[in-house]
Amino acid sequence: MAVQRTFSIIKPDATARNLTGAINAIIEKAGLRIVAQKRIRMTREQAETFYAVHKARPFFGELVDFMISAPVVVQVLEGENAIAKYRDVMGATDPSKAAEGTIRKAHAKSIGENSVHGSDAPETAVIEIAQFFSGNEIVG
Ligand code: ATP
Ligand code: MG
């Protein structure tokens, strides 16, 4: 399996509880390298673009409001099989269904306020990384 890059967000519920370092420790322990990272306040437009695939879902408005409610930390993670590996490390979307040892099991508050995002496929990873980082901000 080749080295891949994936896009990660430490979401507002986690930054608000000072969990950036705790989550980064889990990421690094899993063998993923943080090759770009910045703390930002997402605009409504950025959040709507980012989650456009969920526009028709009943929770879309709530999701966008949540993502702009506090700072987030956007990241690029690199490693062998990074996309699937990070999805494993994150755990299930609903923390009550997340496996022991995952970020969402340890830290997520609810299915909406679930602490982290990770890309779900190589094509989405490329698009998501490009939405928030220029090439020279990613240092492998
Ligand atoms: P993400 O895309 O954030 O990595 P995911 O891929 O596990 O999470 P998706 O199905 O893509 O889950 O949903 C995107 C996000 O929308 C979820 O992480 C969660 O914050 C929110 N969400 C999903 N389902 C619900 C729901 N039923 N109620 C409220 N929010 C939800
Ligand atoms: Mg998703």
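Look a little higher up for the structure.
Here's what I pulled together on the structure shown here. (Residues numbered from 1 in each chain as written. Chains lettered and ligands numbered in written order. Predicted model: local features only at pLDDT ≥ 70, side-chain atom pairs only at ≥ 80, totals over all residues. Heavy atoms only, no water.)

Quick look at the overall build of the protein chain
A tally of helices and strands in the protein chain yields 7 helices and 4 strands. Reading the secondary structure of the protein chain in the N-to-C direction produces β-α-α-β-α-α-β-α-α-β-α. What you see for the protein chain is a C-alpha radius of gyration of 14 Å, in line with the 14 Å of a compact globule of 140 residues. Each principal axis of the C-alpha distribution contributes one length, and for the protein chain these read about 35 × 35 × 25 Å. Within the protein chain, the fraction of its 140 residues that count as buried is 47%. The contacts of the protein chain with a sequence gap of at least 6 include a subset with a gap of at least 24, amounting to 77%. With an accessible surface of roughly 7200 Å², the protein chain has 53% of that area assigned to carbon and sulfur atoms. Here the protein chain holds 17 positive side-chain charges and 16 negative ones, and the gap between their average locations is 4 Å. (Helix = DSSP H or I, 4+ residues; strand = E, 2+ residues; numbered from the N terminus. Rg over C-alpha atoms; globule rule 2.2 N^0.38 Å. Buried < 20%, exposed > 50% of the residue type's maximum accessible area, 1.4 Å probe, protein only. Contact = heavy atoms within 4.5 Å. Areas by Shrake-Rupley, 256 points an atom, 1.4 Å probe, with all protein chains shown as cover. Lys, Arg positive; Asp, Glu negative; His and termini not counted. Charge placed at Lys NZ, Arg CZ, Asp CG, Glu CD.)

A short note on the pattern of salt bridges
Applying the stated criterion across every chain yields a total of 7 salt bridges. With its nearest N and O atoms 3.0 Å apart, the salt bridge here joins D65 to R44. Separated by 21 residues along the polypeptide, D65 in helix α4 (residues 60–67) and R44 in helix α3 (residues 44–50) bring together distant segments of the chain. The partner of D94 in a salt bridge is K97, with the nearest N and O atoms 3.8 Å apart. With a relative accessible area of 65%, K97 lands in the exposed category. (Salt bridge = Lys/Arg side-chain N within 4 Å of Asp/Glu carboxyl O.)

Observations concerning the site of ligand 1
Taken together, 14 residues sit near ligand 1, with K11, Y51, T93, N114 and H117 positioned nearest. One of the side-chain N or O atoms of H54 is found 3.0 Å from an oxygen atom in ligand 1. Here an oxygen atom of ligand 1 sits 3.2 Å away from a polar atom, N or O, in the main chain of G118. In isolation ligand 1 has 570 Å² of accessible area, and contact with the protein removes 81% of it. Among the detected pockets, ligand 1 sits in the largest pocket. (Near = heavy atom within 4 Å. Polar contact = N/O pair within 3.5 Å; in protein donor to acceptor, adjacent residues only side chain to side chain. 1 Å grid on protein atoms, 1.4 Å probe; cavity = no way out; pocket = protein on both sides within 12 Å on 5 of 7 lines; lining within 4 Å. Sits in = over half its atoms within 2 Å of the grid points.)

Describing unusual backbone geometry
Backbone geometry at N18 places phi at a positive 60 degrees, although glycine is not the residue there. Residue placement: N18 occurs in the loop between α1 (12–16) and α2 (20–29). Unlike most non-glycine residues, S115 shows phi in positive territory, near 70 degrees. By the secondary structure assignment, S115 is in the loop between α6 (103–107) and β4 (116–118).

Here's the deal with α4
Within α4 the residues assigned to the buried category are F60, L63, V64, F66 and M67. Projected down its long axis, α4 carries its buried residues within an arc of 160 degrees, all on one side. Contacts made by the buried residues of α4 are with β1 (3–10), α1, α3 and β3 (72–80). (Arc of directions from axis to C-beta.)

With respect to the packing of aromatic side chains
This structure, assessed with the given rule, holds 5 aromatic pairs. For the ring pair F7 and F50, a centre distance of 5.7 Å and an interplane angle of 55 degrees mean the geometry is tilted. Placement of the pair is F7 in strand β1 and F50 in helix α3, with a sequence separation of 43 residues. Both residues of the pair, F7 and F50, count as buried. Ring geometry for F50 against F132: centres 6.0 Å apart, planes inclined by 65 degrees, an arrangement best described as edge-to-face. Of the two residues, F50 sits in helix α3 while F132 sits in helix α7 (residues 122–132), which places them 82 residues apart along the sequence. Each member of the pair, F50 together with F132, is buried. By way of ring pairs, the aromatic residues F7, F50, Y51, F132 and F133 are connected into one cluster. (Phe/Tyr/Trp six-rings, centres within 6.5 Å; stacked < 30°, edge-to-face > 60°.)

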